[in-house]
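Architecture at a glance
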Amino acid sequence: MQRFLAILLAAALASPLASAQGGRVKSLSSPIVIGHRGASGERPEHTLASYEVAIADGADFIEPDLVLTKDNVFVARHENDITGTTDVANHPEFASRKTTKTIDGEKHTGWFTEDFTLAELKTLRAKERLPQLRPANAAYDGKYTIPTLAEIIALAKKRSKELGRTIGIYPETKHPTYFASIGLPMERHLVAELKAAGWDSATAPVFIQSFEVNNLKFLHTITKIRLIQLMDGSGGPADNATPSYASMITPVGLKAVSAYAWGIGPNKDMVDKGEGTPTTLVADAHKARLRVHVWTFRAENFFLPASLRVGANPLDHGNVAEAMRRQLALGIDGFFTDFPLIGATARNAYRATPKK
């Protein structure tokens with residue numbers, strides 16, 4: 001009953017979303033709620049079931065992390081290493097494909113999408129990546145296949161038509177420099193697939209995101225789709241296009257990003273850690289004419305600051321809605337969450353609150 005009431009509240013408070021016109025959308029409401037790998041707090045991530053739940057829960061966008069198969073098909077996996085997100089280890093016919101690779105400077109041992117055809121990957125089944133943290137999700141292990149980008153696009157369009165609201169997609173190019181190095185460049189292929197879906201403009205319900213820089217700069221030359229430069233609180237882009245993410249959030253760095261990207265996607269802690277004084281990143285980005293979509297809000301106490309935890313069990317849900325509200329008040333333009341129902345409800349409640 002509580003879940004049903006929350007869905008009704010989300011629907012009641014939602015402001016009008018974009019309407020389709022000639023296959024394109026005028027705009028999407030802001031701040032937007034992005035279903036992180038679908039509703040990955042409720043179903044195994046990057047499955048059609050996870051995306052379905054995210055849409056039903058009120059997400060404006062669903063996020064597929066994209067990697068490529070041996071036969072050059074985009075599929076949704078958090079990493080090209082599928083050891084922890086599929087049952088591949090239980091398939092003796094693929095035992096010989098276990099290998100060790102260096103990707104973005106780190107060694108990984110397991111099974112990798114680029115060593116499988118799509119037909120072979122479709123014989124595998126998805127499983128929960130974090131079973132100790134989300135044991136309820138593990139109950140769905142073995143039920144779902146690995147979806148292709150084409151299947152995700154079809155789902156978004158189908159549900160948009162059924163619900164009368166626009167469901168966008170928010171693909172991330174994973175390890176683009178690595179994939180280019182093995183003869184599977186992503187950029188033109190992705191733009192072509194999106195164009196075939198009718199999405200090739202700055203008003204299309206699509207954002208393309210990446211932690212790398214040079215692939216976004218190249219995408220900027222071949223598509224008008226909005227681009228998002230992902231950032232983390234430490235380290236830097238794997239393509240070494242800039243010294244660090246820290247250098248990218250300076251006024252000079254943000255101005256440089258604005259030359260090729262529509263917005264930035266920082267780790268939410270770069271905006272507000274939940275304890276202490278928030279940073280000025282949102283205001284600084286807006287001054288550079290960049291929108292801000294932060295990642296990722298998770299409901300479990302394990303991921304929340306002490307002041308927002310409820311009880312002592314790290315698996316129990318804390319007050320993540322308050323964490324969302326605080327950043328909405330700072331002016332973020334959207335956010336990723338593993339729990340889109342909580343996100344949509346919190347966003348809609350914030351919209352309905354009179355502002356001074």
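Note that this is a predicted model, so its numbers are computed, not measured. (Residues numbered from 1 in each chain as written. Predicted model: local features only at pLDDT ≥ 70, side-chain atom pairs only at ≥ 80, totals over all residues. Heavy atoms only, no water.)

1. Quick look at the pairing of strand β7 (residues 99–103)
Inspection of the sheet shows β7 paired to strand β8 (residues 106–110) by 5 bridges, in the antiparallel sense. Bridge pairing in β8 links threonine 100 to threonine 109. Joining the antiparallel neighbours β7 and β8 is a turn of 2 residues, in which aspartate 104 adopts a positive phi near 55 degrees. (Pairing = 2+ DSSP bridges. Helix = DSSP H or I, 4+ residues; strand = E, 2+ residues; numbered from the N terminus.)

2. Observations regarding helix α12 (residues 320–329)
Within α12, burial applies to Val320, Glu322, Ala323, Met324, Gln327 and Leu328. Taken together, the buried residues of α12 touch β14 (291–297), β15 (334–337) and α13 (340–352). Trailing α12 by a residue or two, glycine 331 shows a phi angle of about 100 degrees, which is positive. (Buried < 20%, exposed > 50% of the residue type's maximum accessible area, 1.4 Å probe, protein only. Contact = heavy atoms within 4.5 Å.)

3. Describing unusual backbone geometry
With an omega of -15 degrees, the peptide bond running from tryptophan 295 to threonine 296 counts as cis. Look at arginine 37: it is not a glycine, yet its phi comes out positive at around 60 degrees. Within the element layout of this structure, arginine 37 appears in the loop between β3 (32–35) and α2 (48–56). With relative accessibility at 6%, the residue arginine 37 sits in the buried group. Although it is not a glycine, aspartate 104 adopts a positive phi angle of roughly 55 degrees.

4. Some remarks on the confidence of the model for the chain
Do not read the fine detail of predicted coordinates wherever pLDDT is low. Confidence in the prediction of the chain, expressed as mean pLDDT, is 92, and 92% of residues score 70 or more. Taking the mean pLDDT of every element in the chain, the minimum, 25, falls on strand β1 (residues 20–21) and the maximum, 99, on strand β6 (residues 74–76). Predicted confidence for residues 1–28 stays below pLDDT 50, and this span has 45 contacts to residues more than four positions away or in other chains. (pLDDT = per-residue confidence, 0-100.)

5. Thoughts on the pairing of β3
Here β3 shows no split at all, with Ile32 and Ile34 on one side and Val33 and Gly35 on the other all buried. Sheet topology places β3 next to β15; 4 bridges connect them, and they run parallel. Paired with valine 33 across the strands is phenylalanine 335, a residue of β15. Sheet analysis places β3 next to strand β4 (residues 61–62), joined by 2 bridges and oriented parallel. Each bridged residue has a counterpart across the sheet, and for isoleucine 34 the counterpart in β4 is phenylalanine 61. The parallel pair β3 and β4, bridged by α2, forms a crossover whose chirality is right-handed. (Right-handed = clockwise from strand over helix to strand, strands pointing away.)

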